[in-house]
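# Structure assessment
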Amino acid sequence: MDIQTYYLLVPLAPLCGAIAAGLFGKWLGRKMSHRITIAMVGVAFYSAVQIFLDVMNGHQFTGPVYTWLVSGDTSFHVGFLIDRLTVTMMLVVTSVSLMVHIYTIGYMSEDPGYQRFFSYISLFTFSMLMLVMSDNFMQLFFGWEAVGLVSYLLIGFWYDRPTAIYANLKAFLVNRVGDFGFILGIALVLMVFGTLDYAAVFAKAAAHASDAAPIAGMSVNLLTAICILLFVGAMGKSAQFPLHVWLPDSMEGPTPISALIHAATMVTAGIFMVARMSPMFELSDTALSFVMVIGAITALFMGFLGIIQNDIKRVIAYSTLSQLGYMTVALGVSAYPVAIFHLMTHAFFKALLFLGAGSVIIGMHHDQDIRNMGGLRKYMPITWITSLIGSLALIGTPFFAGFYSKDSIIEAVGMSHLAGSSFAYFSVVAGVFVTAFYSFRMYFLVFHGEERFGKAHAADHHDDHAHADDHHADAHDDHHGDAHDDHAHHHGLAPGQKPHETPWVVWLPLVLLAIPSAIVGYIAIEPMLFGGYFKDAIYISEHHEVMAELHEEFHGAFAMAMHSFTSLPFWLALAGVASSAFFYLKRPDIPAAIQKRFQWIYTVLENKYYFDRFNDWFYAGGARGASTFLSKYADRFLIDGMIVNGSANMVGKISGVVRKVQSGYIYHYAFTMIVGVFILLTIRNWFA
Amino acid sequence: MIFGLPVISVTIWLPIIFGILVLATGNDKNAPLARVLSLVGSVLGFLVTLPLYTGFDRTTSNMQFVELHDWITRFNIHYHLGVDGISMLFILLNSFFTVIVVLAGWQVIEKRVAQYMAAFLIMSGIINGVFGALDAILFYVFWEAMLIPMFIIIGIWGGPNRIYATIKFFLYTLLGSLLMLVSLIYLYNQSNGSFEILDFHQMAIPMSAQIYIFIAFFMAFAVKVPMFPVHTWLPDAHVEAPTGGSVVLAALMLKVGAYGFLRFSMPIAPDASHKLAGVMIALSMIAIIYIGLVALMQSDMKKLVAYSSISHMGFVTLGFFIFNAYGMEGALLQMISHGFVAGALFLCIGVLYDRVHSRQIADYGGVVHKMPVFAAFFMLFAMANSGLPGTSAFVGEFMVIMGAMKANFWFAFGAATTLIFGAAYTLWMYKRVIFGTISNHHVEELTDLNKREFFIMAILAIMVLAMGLYPMPFSEVLHASVNDLLIHVAHSKLPL
């Protein structure tokens, strides 16, 4: 087949699957729906592999598919840019998506919205592929918003849960705040370059490096402004501080999509975008510093929040935030290949961890509280081993995938000389300990220690905000006898009930994802980071020699792992694992004591640094307040009441007065006339 | 030519003749006949507009399909019709929506069916006349005539507070129009006795006169758009109007105001347009931001969508007065798209209203459990209203933001806030109405879309998606005219 046909097949096959399952799911039935969508994603994956092989042979492609719009003398089109960066993303997206599709058969087997779910995840796959394959900013924005839409639909998939429909609206709106910056960035690109095509823009970027224009009375470097505005979009999509608030709440969605969308692919769109725009970001040190500092804040401070979460999915969600921060830091220090490398390894091990968590959740009959678990390794061996592999990869154990990418980030940050890089270095190093601590806290609480399931739920269980709301939703459902009761029923195992390993459709993807989580780093680090893999897909300026320095330090994947045993991050990670083992296996009384002693820290962390409270009060409350005020007083009272109806009333009153004058009596008129004549004569005499 | 008859005349008079025929069917005993006849009339009315598109010459900005006959020779008034890229699509849009509206009222309207259908058919012809007229008096006649059927539609088939709404609607729009007549007469005198709009375009006019003319036209058009602060008639009119009335109001009535700016204000008084552009942009930004905020807390769905319409029309006027191709084409595309999206949203609300007889958001909740198909359509249109790429609404908003950035960073900044506000008010409403658990027994008793409703929704959904994914067929006919208008407006018309 012609290679260009494959280009079209990659996004369009999942789209066809989505349409089939979405519009005709009722006729197709469950089995046909999942068969079609899985087959279509399989086609996309196969095509992506073909394209990958072609690209590795040195082929590239950039060109339009069709012209979307022509305005003035600018034409906007839909087109593909196929290079090594694109094809890497295509492989990650289609392969993880395929795993998640298979997994969904098991996870959603009892859900009445089965076909709808398959339709959504296929639609997501299409959107994400349009995003990464785009050759222009307009289509990038299309994919960007389309993945946001599907994310919205999927977070709110169980639409009778109040928490879910709160979370999806929040996610969409917070993302829209990012997109607000993003579209302004795109508009600035069009203004400065006169085109939205990547190739043309990147070619001209250097020539516009010092363009400046007055904005708000200051002379602003336009390229810096463009980069920062585009990055604001990335902050929304990739959940960077302070637009991170939507991601933990997005865990209200079914677990397969937490893996696919909120860990492996969609949230990395921002990382991909910045790497794609490297020819522009490289020209602005200010923008790079900004990117790095935001990433560093996210990497460290979101990790802290992971420590105190008790919902298995929320722990992983905060871990995702923190890891996205790592990727962002890597972007900031111009180590774009490292960021993409971490994106790839993270996609595998984080998808694995989420799907593993989903498997645990199935085993626990939809109880997500890790305090009610423990000792599951006996009952769910495959889930246990694969989750262990995922956790080891996440904390950066030498030889595992996460080690190579994360260690490279840490080293790259250490070599950077940008403003703020010392803070970033501190954050990413300290983050290693935090990551190890929360990851293994969760791991030990779930798979080791005392078996706490099947008992009556702890009293403090109901303090948990999310769960409290869940129960609220349950009450409603039971009341109405709704069709969704299989998910809304009381969570957890009954006393005496034991968890079981999940069916093969669930554990097979775990195994398939565990393999790359273990080995992909070892295999890929050398070609991907130092073998000139990305070629000209990523541009790095000569002033930012971090990648070159990394290359000098690098003496092979094996040596890198061996060397790490003497390095600080390794010992920090080990310390993290050891202390969590001590705290949560040996002496569970200590965390409780610490919590009591340092109550205020705990309170701050539990309230997630009060961001949600502040946003709810200031932005949401402020907008509602302003809206009520403007609607009531400005629109209804001032404009409509005073001016419109007021002038109508005025006309009414004046006509009332005038009507009295027109009494119909001759002597009234005669009298008025005489008075008038006198007045006129008087005036005339004055002026004469 | 259609069967030897000039196209634009047919698009105007065919619906009107059918309207009269429908009226002749008399009382509600013949309602089925009236319905069928009006459906035939509206479908034919739409079909006859198609040659305007297929036969349209995209390379020229000259008037096409021109018809010129004497009408009132004493005052040199002609029956002069013609379309260019700016007006042509609106005739199609209007005739398209006539079909939709007839279908939408099919079972819902049970009293005075013939009169209801006839009002819409006649109005359809009149609106086509507004877009087709090239003689100022002919335009004015259609412009004012347009009010009468709408007045009747709201006044007879409207809600409980319909009398207040109709009077307000009528007075508001009439007052604006009178000033337009004054300036048309002024232009007639200055042009040595011509009422040709195209002659007005070429006349040299001193600055002070241009400003008066601009303000007079502004009064007429701004009320129709409606622009802040003369917008308050629209929420009331929408709330009281029957579904069909709201659809035509949103999809077409608002567009004639914006069209007026392009056909009259800007080409006749270009210097004044430039001079007052700042004010126009400021009013547009207020519409986008302030009205967007006001929409957020509305408790009545129709009012919310009405405010959202005002906010979206702010994009249109913003696009006009930044004087660049992105902005102006974006604004025109936004006008067409807003027709589809706002029309569809009013139909969605109508579907709920027909079943529950309430427009209050608080009276709903959990509708998705009973009406999943409806919820899916409503989702699409809600997303379109939030400007999601891939839907028609994105095209216009995107282009206007691009154009605004070219003019000034802060224009784009203000316009882009719609990304947040638009999503906030639309999706919050959607959440409260559609999601959640079933809130009361009215919702419990809901039934999903019937075939007729499904058909209407499906057609609109296809249009919204088609225009969003491939706007080229819509935009390519605008080009020549927009480019020429921009060139025309860039040249001063002050007397030398």
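About the cut-offs
- Residues numbered from 1 in each chain as written.
- Chains lettered and ligands numbered in written order.
- Predicted model: local features only at pLDDT ≥ 70, side-chain atom pairs only at ≥ 80, totals over all residues.
- Heavy atoms only, no water.
- Contact = heavy atoms within 4.5 Å.
- Buried area = accessible area lost by both parts, 1.4 Å probe.
- Polar contact = N/O pair within 3.5 Å; in protein donor to acceptor, adjacent residues only side chain to side chain.
- Helix = DSSP H or I, 4+ residues; strand = E, 2+ residues; numbered from the N terminus.
- Axes fitted to C-alpha atoms, helices over the stretch in contact; angles between N-to-C directions.
- Parallel < 35°, antiparallel > 145°, perpendicular 65-115°, else oblique.
- Left-handed = near helix turned anticlockwise from the far one by under 90°.
- Nonpolar A, V, L, I, M, F, W, Y, C, P; charged D, E, K, R; others polar.
- Phe/Tyr/Trp six-rings, centres within 6.5 Å; stacked < 30°, edge-to-face > 60°.
- Lys NZ or Arg CZ within 6 Å of the ring centre and 35° of its normal.
- Expected span 1.5 Å × (residues − 1).
- Bend = angle between axes of the 7 residues up to and from the residue.
- Buried < 20%, exposed > 50% of the residue type's maximum accessible area, 1.4 Å probe, protein only.
- 1 Å grid on protein atoms, 1.4 Å probe; cavity = no way out; pocket = protein on both sides within 12 Å on 5 of 7 lines; lining within 4 Å.
- Points joined across faces, edges and corners; volume = space filled by probe spheres on them.
- Pairing = 2+ DSSP bridges.
- Core = buried A, V, L, I, M, F, W, Y, C linked by side-chain atoms within 4.5 Å.
- Salt bridge = Lys/Arg side-chain N within 4 Å of Asp/Glu carboxyl O.
- pLDDT = per-residue confidence, 0-100.

## Digging into the interface of chain A and chain B
With 57 residues of chain A at the interface, the matching set in chain B holds 64 residues. Taking both sides of the interface into account, the surface hidden between chain A and chain B amounts to around 5,300 Å²; carbon and sulfur atoms contribute 73%. Run the count over chain A and chain B and you get 16 residue pairs in polar contact (both at pLDDT 80 or more). Every element with two or more residues in the side of chain A that touches chain B is listed here: β1 (61–71), β2 (74–82), α4 (137–155), α5 (162–193), α18 (465–480) and α26 (611–661) of chain A.

## Side note on the packing of helix α3 (residues 114–133) of chain A against α4(A)
When two helices pack together, their arrangement is captured by the angle between the axes and the distance separating the axes. Residues and elements named next belong to chain A. Packing of α3 against α4 brings their axes to within 8 Å, and their N-to-C directions diverge by 160°. Classified by the angle between their axes, α3 and α4 sit roughly antiparallel to one another. The way α3 lies across α4 gives a crossing that is left-handed. From α3, F117, Y120, I121, L123, F124, F126, S127, M128, M130 and L131 reach across to α4, where they touch Q139, L140, F142, G143, W144, A146, V147, V150, L153 and L154. Partitioning the contact of α3 with α4 into residue classes produces 17 nonpolar, three polar and no charged.

## Section: the packing of aromatic side chains
Scanning the entire structure with this criterion turns up 77 aromatic pairs over all chains. Centroid distance A:F570 to A:W571: 5.4 Å. Interplanar angle 80°. Geometry classified as edge-to-face. For A:K406, the ring lying beneath its charged end belongs to A:Y326, and the centroid distance is 5.2 Å. Note that B:K224 overlies the ring of B:W143, its terminal NZ or CZ placed 4.0 Å from the centroid.

## A look at helix α1 (residues 3–56) of chain A
All names here are of chain A. Here α1 is 54 residues long, yet its end C-alpha atoms lie only 13 Å apart, well below the 80 Å a rise of 1.5 Å per residue gives. Of all the bends in α1, the greatest, near 125°, is centred on G29. Phi turns positive, to about 95°, at G58, one or two residues after α1.

## Examining the side chain of A:T224
Residue and element names in this part refer to chain A. In this fold, T224 is placed in helix α7 (residues 222–237). Residue classification places T224 among the buried positions, given a relative accessible area of 14%. Beyond its immediate stretch of four places on either side in the chain, T224 contacts S284, T286 and A287.

## Notes on empty space enclosed by the protein
Residues and elements named next belong to chain A. This structure, assessed with the given rule, holds 10 cavities of 30 Å³ or more. Lining the second largest cavity are 13 residues, with I395, G396, F403, D407 and P569 sitting closest to its centre. Elements supplying a minimum of two residues to the lining of the second largest cavity: α16 (401–415) and α23 (568–586). With four residues, the single largest contributor to the lining of the second largest cavity is α16. For the lining of the second largest cavity, the residue count by class is eight nonpolar, three polar and two charged.

## A closer look at the pairing of strand β1 (residues 64–72) of chain B
Residue and element names in this part refer to chain B. Pairing geometry for β1 and strand β2 (residues 77–83), over six bridges, is antiparallel. Bridging from a neighbouring strand, L68 pairs with H80 of β2. Between β1 and β2, which pair antiparallel and follow one another directly, the connecting turn spans four residues, one of which, N76, has a positive phi of 60°.

## Remarks on the nonpolar core
Counting residues in hydrophobic clusters, the biggest one holds 443 residues, and the most contacted among them are A:F137, A:M280, B:F320, B:F381 and B:F398. If near-sequence neighbours (up to four positions away) are discounted, B:F381 is found in contact with B:V341, B:A344, B:L345, B:C348, B:M457, B:L460, B:A461 and B:V464.

## Considering the pattern of salt bridges
Residues and elements named next belong to chain B. Inspection of the entire model under this criterion finds 15 salt bridges over all chains. Two residues, E476 and R58, come together in a salt bridge whose shortest N-O distance is 2.7 Å. Placement of the pair is E476 in the loop between α24 (472–475) and α25 (479–490) and R58 in the loop between α3 (50–54) and β1, with a sequence separation of 418 residues. Take R58: its relative accessible area is 28%, and that puts it in the partly exposed class.

## So, the side chain of B:H80
All names here are of chain B. Looking at the secondary structure, you find H80 in strand β2. Side chain to side chain, H80 and E196 meet in a polar contact 2.5 Å long. Leaving out residues up to four positions away in the same chain, H80 has contacts with V66, E67, L68, G132, A133, L134, D135, L138 and E196.

## Looking at the packing of helix α12 (residues 285–307) of chain A against helix α17 (residues 421–447) of chain A
Residue and element names in this part refer to chain A. Running from amino to carboxyl end, α12 crosses α17 at an angle of 25°, the nearest separation of the two axes being 8 Å. When the axis of α12 is compared with that of α17, the two are roughly parallel. The hand of the α12/α17 crossing is left-handed. Within the contact between the two elements, α12 uses M292, V293, A296, I297, L300, G303, F304, G306 and I307 and α17 uses S421, F423, A424, F426, S427, A430, G431, V434, F437, Y438 and R441. Residue composition of the contact of α12 with α17, grouped by class: 14 nonpolar, five polar and one charged.

## What to know about the confidence of the model for chain A
Here chain A shows a mean pLDDT of 84. Residues at 70 or above account for 94%. In this model, residues 458–489 of chain A is a region of pLDDT below 50 whose contacts with residues beyond four sequence positions or in other chains number 49 contacts.

## Considering the environment of A:L184
The residue A:L184 is located in helix α5 in this model. Classification of A:L184 as buried rests on a relative accessible area of 1%.

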